[in-house]
Amino acid sequence: MAQRHFAGHRAFGAAGIEYDRNRRRASILARDIETWTRQHPGSTLYLLAQSGGAGIALFACEELPPDVTLEGIILVSGGVSITYDLTHALAHTRLGIFN
């Protein structure tokens, strides 16, 4: 099983203050995920995020091309509003989002 650690995608700061920076980080992560999945076709990939990193993980999944799918997203103490629409991120998972 291939494993990859996508380092450096941490979220810091009060809610909303780092939004633009988190969106930029999410774009980088989305490109990393796309590259990895294309280099390892058929491999299983879970995305694991903790606390404020959950927002970056979800933003990244929303940016993935339609043909890129993860096995699932695991959020540990995810700092995400209960009103946040997960529809677009869920569309890029086979098993869904676990929190």
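Residue numbering note: each chain is counted from 1, following its sequence as written. The predicted origin of the model limits local features to residues at a pLDDT of at least 70 and limits the giving and counting of side-chain atom pairs to 80 or more, whereas totals for whole chains, interfaces and linings rest on all residues. In computing side-chain values, all of the structure's heavy atoms are included and hydrogens and water are not.

Here's the deal with the overall build of the chain
Counting secondary structure elements, the chain contains 3 helices and 3 strands. Beginning at the N terminus, the succession of helices and strands in the chain can be written as α-β-α-β-α-β. Relative accessibility decides the category of a residue: with a 1.4 Å probe and only protein chains considered, values under 20% of the type maximum give buried, values over 50% give exposed, and everything between is partly exposed. When each of the 99 residues of the chain is scored for burial, the buried share is 32%. Considering only intrachain contacts with a sequence separation of at least 6, the fraction spanning at least 24 residues in the chain is 65%. Accessible surface is estimated by sampling points in the Shrake-Rupley manner with a 1.4 Å probe; for residues, cover comes only from the protein chains shown. By element, 53% of the accessible surface of the chain is carried by carbon and sulfur atoms, the whole surface being about 6200 Å². Helix numbers and strand numbers start at the N terminus; a helix is a DSSP run of H or I with at least 4 residues, a strand a run of E with at least 2. Residues are treated as being in contact if the distance between any of their heavy atoms lies within 4.5 Å.

Concerning the confidence of the model for the chain
As a general rule, the predicted coordinates of low-pLDDT regions are not to be interpreted in detail. Residues with a pLDDT of 70 or more make up 83% of the chain, whose mean pLDDT is 86. Within a predicted model, pLDDT stands for the predictor's per-residue confidence, ranging from 0 to 100. Predicted confidence for residues 1–5 stays below pLDDT 50, and this span has 3 contacts to residues more than four positions away or in other chains.

Describing the sheet that holds strand β1 (residues 46–50)
By way of backbone hydrogen bonds, the strands of a sheet pair with one another, either parallel or antiparallel. Taken in spatial order, the 3 strands make up an open sheet running β1-β2-β3, and their pairing is parallel. Single-partner strands in this sheet number two, and they are β1 and β3 (97–98). Geometry is summarised by axes, namely lines fitted to C-alpha atoms with helices restricted to the contacting stretch, and by angles between N-to-C directions that run from 0 to 180 degrees. Along the sheet, helix α2 (residues 53–63) contacts β1, β2 (72–76) and β3; its crossing angle with β1, the most-contacted strand, is approximately 145°. Should DSSP find at least two bridges between two strands, the strands are taken to pair.

Brief notes about helix α1 (residues 19–39)
The end-to-end C-alpha distance of α1, which contains 21 residues, comes to 30 Å, matching closely the 30 Å that a straight helix rising 1.5 Å per residue would cover. Taken together, the buried positions of α1 are Asn22, Ala26, Leu29, Ala30, Ile33, Trp36 and Thr37. Buried residues of α1 fall within an arc of 135° about the axis and therefore sit on the same side. In this structure, α1 carries Asp20, Arg24, Arg31 and Gln39 as exposed residues pointing more than 90 degrees from its buried face. Of the surrounding secondary structure, the elements contacted by the buried residues of α1 are β1 and α2. To estimate how far a helix should reach, multiply one less than its number of residues by 1.5 Å. To obtain the arc, one takes the directions from the helix axis to the C-beta atoms.

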